[in-house]
Amino acid sequence: MSASAQRATSYQPLRILAMLTGLSLVMRFFSFFPSVMDHDESTYLVIADALREGKVYLRDVIDTKPIGIFTLLTIFQTIFGKSILIFRIITAIWIALTAWMLYLAHRELIKDSPGYLSNPAPVASGVIYVFIISIFTFYGVSPNTEHFFNLLTVTALFIILRYQGLPWMLLAGVLLGMGFMIKYVVLFDALALGLFYLWRQVTASKKMMYWFSRCALMAIGFFIPFLCVWMYYRQLGMEETFMFFSFKLSGRYIIDAAWYDYIRYVMDGLLRFLPVTVWFVFCSWHWRTTGISLPLLSWLWGNLVIIIILLPGKLFAHYFIQFMLPLSLLAGSFFDTRRSPGPALAWMRKSVIGYPILAVLIMVNMAFQKSDYFDKVDHAAEAATFLNTRLKTGDILYTANAPQIIYLLTGTHSPTPYVHPSLIWDKDNSAALGISRDEEWNKILAQEPRFILIKDNLRPDNPMLPALDTMYHQIKTFGKELVLFERR
């Protein structure tokens, strides 16, 4: 290989990273501006702000997620500030990094094939990931835990494919363990990658001591982040609380959905992302073209992820983001130069057709996002702006069932540890956490909040209603739902 060719090869991954970053920023541009897309994101930002100011998670502020997502966002806020727009840009770059690691992992899986450095399939996997995670609000546009642990998962995959040294195996385990501390479902990603790694070592006729030592180090690394968090809560005297949220609470959140709900959920997720799903099925059926490794990993990983997605029975849309990694990994193989898809599908691989279609889809997606996120009146931001003209030092605001992001926008703090309103006001959630709605409301009311902001859809049995009728008066509405009350 000539010196110029070597330089071109060495810079190729950086060019791909730049391209994926640009694509992610463009695809998600109009989603940077609204204050609220999903209440989960608001909860993460508000709790991260509280942790940055010295409050303790699971004591002063409480949610059902592990501490990892809040710690990560606390780091972001410390370095970049509390701007929601900046956080959305960081998320877009994080997604690009995830897609890039997926590209690198795909390259490692096909590196034994001739001309693999110029094979478009790895790039396609990265582009597909960025694209499908940037279309639907609750399937990826709104930042959630899955966005962040996906990068840790796919980086661990790249490490175990690329490196063989013992320290690297430990690092891969630590990354998976860090993902586990963002959301416990990462255990199933770790299981899939561990089984795949073991299969590769055994089929390569590696000695037992070779693969056993590396698998053991991965397992040790996986538990290190959990043990660190356990020790943190132990020295705070909160070991029992930590164990409750880590183990007991998860079991209480499992519900039994009807069998057809599971089928509908999976089919809804798969059909949303046509033709990517078609490419995934095609590459699964014609697995011999590229060898067994890539389809085996994708199917093992994908099936284990689907199991953990379905297990809780709640079937939230953002759970499907976890499946996007194995989906994109194998779907990108459709563009492998070794494949001959036949006349029915071959047109999809022609650049003169594919690139214009891709450009049109990007523009259509941006037009929809502009309409959905940019053009609509941001009533939460309106309410925050109004409150900032009224709030005085020491005033307490309670957003009740209204957008909790208003705490961040007004520089106030939730008068209850349960920042996400559904933890109190949703009966299933309050029962799982052992919360009495009446008692928690009385604790809030005892602090004499000056302002209470509600969405005007309270049930007749809501314990807030008597106090709102007698102790507060309505002073302003924002849009058709948000109603602001001030203490008499």
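Above this text is the structure in question.
Residues numbered from 1 in each chain as written. Predicted model: local features only at pLDDT ≥ 70, side-chain atom pairs only at ≥ 80, totals over all residues. Heavy atoms only, no water.

Student: Report on the overall build of the chain, specifying residues and quantitative values.
Tutor: For the chain, the helix and strand inventory stands at 22 helices and four strands. C-alpha atoms of the chain, sized along the principal axes, occupy 80 × 50 × 50 Å. Burial statistics for the chain: of 488 residues in total, 53% are counted as buried. Of the contacts formed within the chain by residues at least 6 apart in sequence, a portion of 73% connects residues at least 24 apart. Put simply, the chain shows about 21900 Å² of open surface, and 64% of that area lies on carbon and sulfur atoms. Averaging the locations of the 42 positively and 33 negatively charged side chains of the chain gives two centres separated by 10 Å. (Helix = DSSP H or I, 4+ residues; strand = E, 2+ residues; numbered from the N terminus. Buried < 20%, exposed > 50% of the residue type's maximum accessible area, 1.4 Å probe, protein only. Contact = heavy atoms within 4.5 Å. Areas by Shrake-Rupley, 256 points an atom, 1.4 Å probe, with all protein chains shown as cover. Lys, Arg positive; Asp, Glu negative; His and termini not counted. Charge placed at Lys NZ, Arg CZ, Asp CG, Glu CD.)

Student: Help me get a handle on the side chain of Ser430, residues and values and all.
Tutor: Here Ser430 lies in helix α20 (residues 427–433). For Ser430, a relative accessible area of 6% corresponds to the buried category. In contact with Ser430, not counting residues within four places along its chain, are Leu423, Ile424, Ile435 and Arg437.

Student: Summarise empty space enclosed by the protein; cite the residues concerned and give the values.
Tutor: Counting across every chain of the model gives four cavities of 30 Å³ or more. If you add up the space inside the largest cavity, you get close to 80 Å³. In terms of lining, the largest cavity is formed by 14 residues, of which the most central are Leu58, Lys65, Pro66, Tyr184 and Phe245. Taken together, the residues of the lining of the largest cavity break down into 10 nonpolar, two polar and two charged. (1 Å grid on protein atoms, 1.4 Å probe; cavity = no way out; pocket = protein on both sides within 12 Å on 5 of 7 lines; lining within 4 Å. Points joined across faces, edges and corners; volume = space filled by probe spheres on them. Nonpolar A, V, L, I, M, F, W, Y, C, P; charged D, E, K, R; others polar.)

Student: Hey, could you go over the packing of helix α7 (residues 166–180) against helix α9 (residues 208–235) for me, with residue numbers and the actual values?
Tutor: Any two packed helices are characterised by how steeply their axes cross, that is the angle between the axes, and by the distance between the axes. Where α7 contacts α9, the two axes come as close as 6 Å, and the packing angle between them is 35°. The two elements α7 and α9 cross, and the hand of that crossing is right-handed. Residues Leu166, Met169, Leu170, Gly173, Val174, Leu176, Gly177, Met178 and Phe180 of α7 form the contact with α9, whose own contacting residues are Ser213, Arg214, Leu217, Met218, Ile220, Gly221, Phe222, Ile224, Pro225 and Phe226. Its residues assigned to classes, the contact of α7 with α9 comprises 14 nonpolar, four polar and one charged. (Axes fitted to C-alpha atoms, helices over the stretch in contact; angles between N-to-C directions. Left-handed = near helix turned anticlockwise from the far one by under 90°.)

Student: Account for the layout of surface pockets, naming residues and giving values.
Tutor: Considered as a void within the structure, the second largest pocket measures approximately 1100 Å³ in volume. What lines the second largest pocket is a set of 38 residues, and nearest its centre among them are Val127, Trp279, Phe335, Gly354 and Leu358. For the lining of the second largest pocket, the elements supplying multiple residues, two or more each, are α1 (3–27), α5 (121–132), α12 (276–285) and α16 (351–374). Considering each element in turn, the lining of the second largest pocket owes the most residues, 13 residues, to α16. The residue makeup of the lining of the second largest pocket, split by class, is 27 nonpolar, six polar and five charged.

Student: Explain the sheet that holds strand β2 (residues 451–455) residue by residue, including any values.
Tutor: Strand order in this open sheet of four strands is β1-β2-β4-β3, and the pairing throughout is mixed. At either end of the open sheet lies a strand with only one pairing partner, and these are β1 (397–398) and β3 (472–478). Alignment of β1 against β2, held across two bridges, turns out to be parallel. Counted as the bridge partner of Tyr398 is Ile452 from β2. (Pairing = 2+ DSSP bridges.)

Student: Describe the packing of helix α8 (residues 186–203) against helix α13 (residues 293–310), naming the residues involved and giving the relevant values.
Tutor: Interaxial distance between α8 and α13 falls to 8 Å at its minimum, and their mutual angle equals 155°. If you check the angle between α8 and α13, you find them roughly antiparallel. Relative to α13, α8 is oriented so that their crossing is right-handed. Contacts between α8 and α13 involve Phe188, Asp189, Leu191, Ala192, Leu193, Leu195, Phe196, Trp199 and Arg200 from the former and Ser293, Leu296, Leu297, Leu300, Trp301, Leu304, Val305, Ile307 and Ile308 from the latter. Looking at the contact of α8 with α13 residue by residue, the class counts come to 15 nonpolar, one polar and two charged. (Parallel < 35°, antiparallel > 145°, perpendicular 65-115°, else oblique.)

Student: Could you give me a rundown of the packing of aromatic side chains, with the residues and numbers involved?
Tutor: Applying the stated rule across the entire model yields 39 aromatic pairs. Seen in terms of ring centroids, Tyr139 and Phe320 are 6.2 Å apart; in terms of plane orientation they differ by 65°. Their pairing is edge-to-face. With Tyr139 in the loop between α5 and α6 (145–162) and Phe320 in the loop between α13 and α14 (324–331), this pair connects stretches of sequence that are 181 residues apart. Overall, Tyr139 belongs to the buried group, its relative accessible area being 6%. Note on Phe320: relative accessible area 0%, which makes it buried. Ring centres of Phe180 and Tyr184 lie 4.7 Å apart, and the angle between their planes is 45°; this geometry places the pair in the tilted category. Just as Phe180 is buried, Tyr184 falls in that class too. Of the aromatic side chains, those joined through ring pairs into one cluster are Phe180, Tyr184, Phe222, Phe223, Phe226, Tyr232, Tyr233, Phe242 and Phe247. Above the ring of Phe136, the side-chain terminus of Arg272 is found at 4.7 Å from the ring centroid. The cationic tip of Lys476 hangs over the ring face of Phe386; the distance from NZ or CZ to the ring centre is 5.5 Å. (Phe/Tyr/Trp six-rings, centres within 6.5 Å; stacked < 30°, edge-to-face > 60°. Lys NZ or Arg CZ within 6 Å of the ring centre and 35° of its normal.)

Honestly, it's all geometry; don't read function into it.
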